Each structure stands twice: as structure tokens, then as C-alpha cells.
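Fold and geometry: a report
Residue strings, one per chain:
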Amino acid sequence: MRRYFRALGLLTAAALIRAAPAPAQTAPPARVLTFPDTASVRVEVEVPDGGALAGTEVRGVITPVAGGAALWRGSLGRLQAAPGGGVRLTGRVTGVHPRLWSPQHPDLYRLTLEAGALRDTVRFGFRRVESKDGRILLNGRPIFLRGNSINPPGRMVPDSLDENPRFVADYIRYLKSIGVNIIRLTNTSQVWLDAGDELGMMFFQGNYGKPEGASGDAPPRAPFEESLRWYEDEVLGPLANHPSVVVYVLSNEQAAYEISYKSRGAAEIEAFLTRAYHALQEWDPTRLYIGNAGYGFGRSGDICDIHRYWGWYYNTFLSFYTMRDPHTCWRSGRVQPITMTENTGNYTGVDGRFNLVPNTKQPASQLNWTGHAPDSAQARRSLAYQAWMAGQAIEIMRRTRAEDPYLAGLMPFTILFHHWWGIGSFADMDPKPVAQQYARSYQPVLLSWELWTPQAYAGHAIRPVAHVVNDADSGRALHDLSLRYRLVDAKGAVRLQGRRALPDVAYYGTRGVPLEIMLPAGLPTGSYTLEGRLLQGADTVSRNETTLFVAAPGYAGTIAPATRRVLVYDTRGDTRRAFTRAGIPFREVRSLRGLDPARDELVIGADAWTNTLTRGKKALKDFVSAGGRVLLLRQDPTRFDGSWLPTPIELQTEPLDHPLVYPPGRPYRNGMAVNPERPDHPVFAGLDRDRFFLWSDWTGWNESRTGFPQVYPVTRGFTLTARDALAHTAILADYGHGLQGVALAEMFSGRGSIVLSGFDLVDRAGLFPVADRLLVNLVRYQASAAGHEPYPLVREPIVWGDYQSEHGLVVGVYNGLIVNGVPVVPEPIRAKYPLRVDEKEGWQIAGAGGGWNTRPAIQYVARGRRPYGPYGFSIGGSPSLAEDAGPQGSGTVWMRVPDGRKEMLTTVWNPADVPLELEIGLNGATRGASVPAHGTITVNTPLNDAGDVLAVRYSGDRRLVLLRTEFR
């Protein structure tokens, strides 16, 4: 109980006693809790050391905080003796008609109590929060929770501001201004809760961890009554007088608590939480309860809550469409509102780049979404993707209430501000672009574009769906609606505009209206913005926009007369039709007879592998070895036989999008945000990284249909299975977690080569410009007379970990070299977060743990690469070594260097406390060096007669870090 008073921060009794001419009488501290609804309030008074007050009448008065006549005055009854020498009372005030608390109207009341020498005052608000028919109701009206999960106090905000009332008020006002209506605090704070009460910010709060006394995958072993008292006194009691707290959380993040309701010990944990929920709900029925946030799926509480980091650690934004089925969350027969109190992720740091916290899921996730884009572009791309992903999550969840009416809210778990430490006020925090996205996607009345053709030809039609989501603060239906839209080019010029009347939308309803917009035939190639304004009468009530790439006719280019004939083997006909639509000249072949290695390019059509080709594997192999060129389009993994290839591959089979967490099968067969490893390669002529983010759907899909749109550039990705595959394979484009999936590669054998493509090209041919151009580029490249180079040419020094300077040398897991992330800690707090070096592998962490979301003031950046491999990823996505892997790792790169280079200089850093040995292999010859503890050396390796093609292998302790390599 004493801990409760410290947590609640009650005023001392001396400060509460009314002044009197007689010597002051001291009253013991009291706990006063209020449990109001819309017309009554239950009041609990407890005085642990107040035995002398037994029998004393408790009188009170309820007055509006804003001023005005008393709402009620009278007696609550008499204090009764309680075990332990204290007194308690439970009374109820009924029949009142208060103004109700809500985010729009945060009306508050003050209850003042007197009982002998005891005088106490608490503030509270009247309101009702309930779950009904799978919806969350506030004061009888459905409400969608528009949240943000990463907030102070804590999170490295200066101590002087952590609970500074002005800072807190400014912070909450800003969040409200961008549409947020509910947040979770890192730590319970009366200052923050008071501000939420006053400003109309809701909270979901409670025990965001394991229950006291719980361990591993087991619930508390102490008597249940002790756990119940802990919840009432320490966790929920300090929240009870705050109308802004609308949801209680009982647990999160403990072995079986965090992983799944199916995990070991989950049944025992569920039984404990269910019992706690029923007992606490009887004690405080004025809130909703989440029994086990995220992975308990609502089996203990009022809300089915789920945590999914789709679009960050795993899957993509499309997995949010699995939430159209409530059973994605529901694991019982109960109809419950569904929330997602953690999602999005995408932890950008102070400078905007994704945080490369070593030996975690973060670096591989960065590669998935921004790839090997130049370091100068990483911050911009990271921030843009973070914002885009949050917008997709929010708007899909809000729009698809039309299919799943039980979707009740989401709270992105992402970092909203650049600056945390070193600020003097809230104005210094500097919102990131994701905050601007909140302002669009969290508009109470939301206009939301659904457009699955973000790439189109000029003169063609696009068919977006304009959605209206009505969560208006007024709670009223929307009438007299119309949509004004316009297409704007990169210079701000309006290229087309239109208007469309829209149907009425009931409160808490959603409506989608399909449009057909014909793009002007004369639009030049470029990026455009489709802007929309939702009007009610003459008033604009919502704005939103989406972007698209438009290409002029002829954008794909043509196949000029080439040295080689283009021969297409295609028993299905799809590839032949695609070549015709794309204007690619070709001749059909039905066998491998008569191929001329000197003058033919053989195109094996999409899904065209047959037994004829299986029987002709030797002919294929001989054709390539003698100088022939093959373009192998996507293939069916159940039919394709790749045993004729110079190095083995595995066609991936598992789908990317699903309602689960970390299923097997990574990398998945399909992917977005494809990373061009060699952006200057001829196959990417006229195409930049932006063109490989998402492609256009060719099926006419919209979200009222089942499944997913066909928007992934890659649908039949593959992996290389031989450790030395890069000796004769150029990975041109890759994708997925850690860039483990291969989208496009060229394999070399003898005088010829095979280009293997996992891109979805054939179904889009003639319809969408980027697929057309890539297809033309691929055919033209393989038909060209120019020689093909398997290895990048390195002219400038390689700064390891700087993607641009690496020239595409390091591709996914295949080289064995892994980025070394180091923390950048602000100087004033370095003593608080000292550098800690992992003894086994040498990873550097600031303080205990990585803190990519708990310590947003610490940026982790790339400094070099480690000879780490061979390695893969755990099911969670962190780097993973074989069980029998010792302390030694290695990594190999293949490259070309200009003529005349005589020596290779390699700079190596040893962060460990002991000297470490490094071995550098150059085309099979090795050279060793000892790197002193905490030292940096440069190793000179003579090139001698190595030639211009180099295979460089770095072997040594995994703690070593390669910093720089240059050739002189």
C-alpha cells in the first residue's frame, strides 16, 4: 500500500487539512478512487492508518473544474473499520446529469471529501467506455482509436522536460493536431495523465510487461490475491481517477506472453490473466481491458489485440488486408473489437536513416526497404518509407472496416521525432515526415485513395477508388459530398481535373467510389500527384493525395537490328504474346535443334519449361559454353530443372503475405522494393530504383475482392545455393530481408551466359511501362554484340559499409561480409550509455541492450564490414550462424581493377581487447597480419601478376572490421 501512495503521488494529509485556530490535527494519507459512468460515480475511500476515523461520516461535493454550480453534495456514508487498523468506504452518487468527458470536450469535475480531520480532493470525469457488438463505444458512440505508441516520459527526453507540464501540454497538443487521439506512455506519470485529462488525449496504459512475480513462461507463483493487490495498488490504481485512461493493459512481452497463445505455458498464463481480468473488471468496470497485448489475441480481456510489424521485419503492407478476416485476431467465439497496439516499426534515427543496431533484426530490415541506395540518399528514403508504411497501415485498417467492422484502432510503434536528447522545449523535437503522414491518414473524416496502377502509360485510363471514412468529431453523418481531383506534375502544373458527386456516409461508416480517369495522351514521362479534396457543400473536409509514374508511348524503347536472332521457346503462348505487345521482334522455336551459339539468343518463356528442355539440358549447356546467350524468364518451381546451370539455384515457393509472424520459407518467392545492385548495368537503362518499388496490378483488383493485388515486381525469386556461386554469377537485383532473395542474375559459363529473371514481366507487357522497358532491356542486352562483364570495375577506394563505394560487390548474404553498426551517442550522455563491446563477436552497443526504439537519441551507423560468414537469419530475422560455427569468419568479393594497379591496401580495425589475426587471400595466395587490440592497421598486398580480375577473401576473427580497400 505504501508503494501505491508513492506511485500515485497523493498530497500529504497535512496539506489537505483545513486551517483551524486549534492546534492542527494530522490525518493519515487517504486513497480516493472514482469509478464514474455517464450519470453516477462509485467512490472508494481507504485510509490505511486511519482506525481512529471509524464511524466518521464522509461528506462530499462535486463541482465542475471549469466553474459553475455544484453537481452534487451530500453524504457518501460512514468509514468502516478494515483489517490492519485502517478504514474504508464505498459510496455511490447517482442521478446526476454531468457534461461528459470526451477527446472533443474534456469536461472535468472535482470531488472534495471531508471526514473529521480528513479533507481530500480528486479530479475525475464522467464518461462510459464499453465494448458492444465488436466495437469500442465512448459515451455510446463508436470510436476508432488513432494512436501513437512511442512517447515520453523516458525515451531519452531530458530530465528537466520529462514531466514538465508545459512540455507535456505542447507534446499532447501537437499529437492531437495531427489526428492522434490515444497514446501509451513509457512510464505512468500523473503529469502526463493530468494533461491528457485536460486536453482530451486518451491513453491505453497499465502493465506493459510481465506481471510481478512472473518468470519465463510461467505466471506469478505467489497467491492470486497478492497479484490482484499489485494490479489494484501499483498498476491500475494510479490510473483510476483519469478519464483519459480508457484501456487497461495487464501484460505484454514475456516468453509465452509475447510469442503466442500457443506457446509453452500459454494455457497457464491465460488462466491467470483471465482470472485477473474478471476480478479487476468487477473492481473497475469503467474501462476496457487488454489481457495480453499483442500475442494473447484477446483471450483474456475485452479487446482482441495483435502486434504485427508487417512492412518492417517481415511481410509487406499488403498483409494488413488479412485483417479483413476478424479471425486473424479472434481465437475464440467471442465477438470483440480488434486493435493493433504495435505495428509499422521502421525505426529511423536522429539523422533520418534506419538504425543499424548490430546483431539484431534492424540492419537486414533496412536492406529490405532501402537496399543499397547511396548513403547520401538513405535518410531521405528511410524517412519516406517510414511515412508511407504508416500511411498504408492506417488507411487500410480504416478503409477495410467495410469488410471487417470490428477493426477498432491501431497505434504505430515508430519514432515520430528527430530530436529527443538535448532539446530545450517541445519545439526542438522536429517532427519527421511520418508525423505529416499522421496528419493526412488520421483525419477524422478521411479521403483515402486506393490506386493499384501507380505506373501507367499516357493516354491510358487509371481506375482509383476514392474512399470516405467518417469518424467525424461531431458524430454526424456526411451529406452533400463531392470529390474534386486533379493531376499535378512535378512542377505544380495541373494536367487534368474533375469532379464527382459522392453518396452520403453514415457516422463510423466507410464508402468506396470507383473512378475512371483517362490520362491525357500528351503527358510527358515523369512523376505525377493525384490530389483529392472532399467537399461537404462548399467546405473542404478532407484532403489526400497519391503519386504515380506516367510514361509517354515509346518509353520502353525498341530492339534495333542486333547481332543475334531472338528465338523464343514458349509452349504456353504467354511470352510470345507479350513480345508481340512490346514490339520485340522474335522467331518461335519448338526445340533446341539448330541453335547457333555465335548468332542466337534463346528466350525460355515464362513458365515454359517442359520435358523437352529437360531432355535437352546438355544441348543447353553446350550452347551457352560455346558462346550462346539465354534469357530465362520466371519459371514454375515444380517443373523447372536447373541442373544445367553453371551454379545451382533454388526457386522460392512460400508466399510473402499471410496473417502469421515469422513463418518458414524466407526469402519468399515474391517481393517489392527490389534493389538494383548495379544500377548502371545495361539492363537498367532508363530505370532507377524508384521504378522497382511497386508495379501496377494487371488483374483489376480492389480491396473488396479476396486475396491481394498483383503489384510485386518479383513473383518467382530464387537463391544461390553454392558458397562460391559469385565466382561466376553476377547478382544484378535482389530483394527481401537482408537482400537474401535474387530477382535478377547473370551466370557465366565458357563464352556465354544465362540471365535468370524472377520478375513478373509477361502479364504486364504492353500494359505498364516499367515492365515493358525492363523486358526490352533484357532481350536487347542478351542480343547485343558487346561483351558481358561478370564483375564490377572498381576505380575508387572501397569504404566498407558505404553502399555506393562498394559498387555492388557485397550482395545479401552471399559474400559473407556483414555491416558493422556502431552507436553515435551524444557527448553529454556518453557516461550514462557507455560503449559495451560484446566479448564473443565484438558488436558495439551503447549501454545495456540495443535500444533502437527505447533510445531514439542514439543513432547506429555503418562503420566497416566484418568477415562474418557464412551466415543466414534466424526465424526472427537476426543474423544466424551454424551451431558449430567457431570464432572465425570469412567473406569473399570478386572484382575487376583498372590496368596498372600494383598493390591492394586494406585497412582493418580491431575493437577487441586482444590482438586478432587476419588472413587476406588474393586469387588463391594468402597473406596474414596481426591486428593489435583496439588498433587499426593497413595491410599491403602486392598484386604482382594477379591480372585485372581479383578474388579477394578476408578470413579471421569475426570481431575484426574491414574499413577500407584501395588499389594503387
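Residues numbered from 1 in each chain as written. Predicted model: local features only at pLDDT ≥ 70, side-chain atom pairs only at ≥ 80, totals over all residues. Heavy atoms only, no water.

1. Topic: empty space enclosed by the protein
- Using the criterion set out here, one finds 9 cavities of 30 Å³ or more in the structure.
- When its volume is computed, the largest cavity comes out at roughly 170 Å³.
- Looking at the lining of the largest cavity, the elements that each hand over two or more residues are helix H9 (362-370) and strand S41 (817-824).
- The leading source of residues in the lining of the largest cavity is H9, at 4 residues. (1 Å grid on protein atoms, 1.4 Å probe; cavity = no way out; pocket = protein on both sides within 12 Å on 5 of 7 lines; lining within 4 Å. Points joined across faces, edges and corners; volume = space filled by probe spheres on them. Helix = DSSP H or I, 4+ residues; strand = E, 2+ residues; numbered from the N terminus.)

2. Notes on the environment of Gly409
- Tracing the backbone through its elements, the reader meets Gly409 in strand S19 (residues 407-410).
- With 265 residues separating them in the primary sequence, Gly409 and Phe144 have C-alpha atoms 5.1 Å apart.
- Ignoring sequence-local partners within four residues, the contact set of Gly409 consists of Phe144, Leu145, Ile338, Thr339, Met340 and Met397. (Contact = heavy atoms within 4.5 Å.)

3. Thoughts on the layout of surface pockets
- If you add up the space inside the largest pocket, you get close to 1400 Å³.
- For the largest pocket, the lining is made up of 44 residues, of which Ala384, Trp388, Thr546, Thr547 and Phe693 are closest to its centre.
- Listed by contribution, the elements that provide at least two residues to the lining of the largest pocket are H9, helix H10 (375-399), helix H11 (433-441), strand S20 (445-450) and strand S29 (539-551).
- Examining the composition of the lining of the largest pocket, we find that 10 residues originate from one element, H10, more than from any other.
- Residues belonging to the lining of the largest pocket are distributed by class as follows: 21 nonpolar, 13 polar and 10 charged. (Nonpolar A, V, L, I, M, F, W, Y, C, P; charged D, E, K, R; others polar.)

4. A word on the pairing of strand S28 (residues 526-536)
- Relative to S28, strand S24 (residues 481-489) is paired through 9 bridges, and the arrangement is antiparallel. Across the sheet, Ser482 pairs through a bridge with Leu535, a residue of S28.
- Both S28 and S29 contribute to a ladder of 11 bridges, which runs antiparallel. Each residue of the ladder has a partner; that of Glu531, found in S29, is Glu545.
- Hairpin remark: S28 followed by S29, antiparallel, with 2 residues in the connecting loop; positive phi at Gly537, about 65°. (Pairing = 2+ DSSP bridges.)

5. Details of unusual backbone geometry
- At the junction of Pro152 and Pro153, the peptide bond is cis and its omega measures out at -5° in the coordinates.
- Within the element layout of this structure, Pro153 appears in the loop between strand S12 (145-148) and helix H3 (159-162).
- Of note, the bond from Arg666 into Pro667 is cis; its omega dihedral lies within 30 degrees of zero at -5°.
- Within the secondary structure layout, Pro667 lies in the loop between strand S34 (649-651) and strand S35 (675-676).

6. Looking at the pairing of strand S39 (residues 752-757)
- Taken across its 6 residues, S39 has 6 buried, putting it largely inside the fold.
- Taking every second residue as pointing to the same face, both faces of S39 are buried, with Gly752, Ile754 and Leu756 on one and Ser753, Val755 and Ser757 on the other.
- When strand S33 (residues 629-632) meets S39, the two strands line up parallel, connected through 4 bridges. When the bridges of S39 are listed, Arg629 appears paired with Ser753.
- Counting the residues in the hairpin turn of strand S38 (residues 741-749) and S39 gives 2 residues, including Gly750, whose phi is positive at 60°. (Buried < 20%, exposed > 50% of the residue type's maximum accessible area, 1.4 Å probe, protein only.)

7. Some points on the sheet that holds strand S17 (residues 304-308)
- Ordered by their spatial adjacency, 8 strands build an open sheet running S16-S15-S14-S13-S12-S19-S18-S17, and the pairing between neighbours is parallel. Every other strand in the sheet has two partners, leaving strand S16 (288-290) and S17 as the edge strands with one partner each.
- Sheet topology note: the strand S13 (residues 182-183)/strand S14 (residues 202-206) ladder contains 2 bridges and is parallel. What sits directly across from Ile182, in S14, is Met202.
- Relative to S19, H10 is tilted by about 165°, and along the sheet it contacts S12, strand S18 (338-343) and S19. (Axes fitted to C-alpha atoms, helices over the stretch in contact; angles between N-to-C directions.)

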